[in-house]
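# Breakdown of the fold
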Amino acid sequence: MARTILEDNKEYSNRCRVLWNGVNGFEIGDGGYTFVVYLDKKYCDCRLCMLRGIPCPHALCAYYYLNEDPDHHVEHWYRKETFLKSYSHFIQLITNMRMWPKTTTHQLSLQN
């Protein structure tokens, strides 16, 4: 899904125009609107890249302007390595309730 969003953003970014505004700052024209992008902070006025962790079309314009590969700027939680690391641990099964040790503490009553 992240790849689909990134590819859609790449296609949309072709309609935007770049105005350089400092070392890592850009103004991106999108129709009648202007968005400020700071690549070092991963910030854009549209806030999509901050919410999703995937570069928005405005950030992509800036990356293309600098001849950088935007695939390297997708957050790490979308990467295969992170997924595999998250699910690498085996979760032990819980035994049947009848096999649990009996307790001497007060039993809670469930109310409907």
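Everything below is about the structure shown above.
Residues numbered from 1 in each chain as written. Predicted model: local features only at pLDDT ≥ 70, side-chain atom pairs only at ≥ 80, totals over all residues. Heavy atoms only, no water.

A few words on the packing of aromatic side chains. Applying the stated criterion to the full structure yields four aromatic pairs. Ring geometry for tryptophan 77 against tyrosine 78: centres 6.1 Å apart, planes inclined by 50°, an arrangement best described as tilted. Given the relative accessible area of 37%, tyrosine 78 is considered partly exposed. A centroid spacing of 5.0 Å and a plane angle of 50° characterise the contact between phenylalanine 83 and tyrosine 87, whose relative ring orientation is tilted. Here phenylalanine 83 and tyrosine 87 have matching classes, each one exposed. (Phe/Tyr/Trp six-rings, centres within 6.5 Å; stacked < 30°, edge-to-face > 60°. Buried < 20%, exposed > 50% of the residue type's maximum accessible area, 1.4 Å probe, protein only.)

Core analysis: the largest hydrophobic core is formed by 14 residues, its most contacted members being Phe26, Ile28, Val37, Leu39, Cys44, Cys56 and Ala59. Elements with a minimum of two residues in this core: strand S2 (25-30), strand S3 (33-38) and helix H3 (57-65). Counting residues per element, this core draws most heavily on H3, which supplies four residues. Membership of the second largest hydrophobic core comes to six residues, among which are Ile5, Ile54, Leu60 and Val74. (Core = buried A, V, L, I, M, F, W, Y, C linked by side-chain atoms within 4.5 Å. Helix = DSSP H or I, 4+ residues; strand = E, 2+ residues; numbered from the N terminus.)

Right, let's get into helix H1 (residues 2-13). For H1, built from twelve residues, the straight-helix expectation of 16 Å at 1.5 Å per residue is met to within 8% by its first-to-last C-alpha distance of 16 Å. Burial in H1 covers these residues: Ala2, Ile5, Leu6, Asn9, Lys10 and Ser13. Around the axis of H1, the buried residues are gathered within 140° of arc, so they sit on the same side. For H1, the secondary structure elements touched by its buried residues are helix H2 (48-52) and H3. (Expected span 1.5 Å × (residues − 1). Arc of directions from axis to C-beta. Contact = heavy atoms within 4.5 Å.)

Positioned with a positive phi, arginine 47 is a non-glycine residue whose angle comes to about 70°. As for its position among the elements, arginine 47 is in the loop between strand S4 (43-44) and H2. Since its relative accessible area comes to 53%, arginine 47 is described here as exposed. Here asparagine 67, not a glycine, exhibits a phi torsion of approximately 60°, which is positive. Examined against the element boundaries, asparagine 67 turns out to sit in the loop between H3 and helix H4 (80-86). Accessibility expressed as a relative area gives 73% for asparagine 67, which makes it exposed.

Honestly, that's just the spatial picture; any functional story needs more than this.
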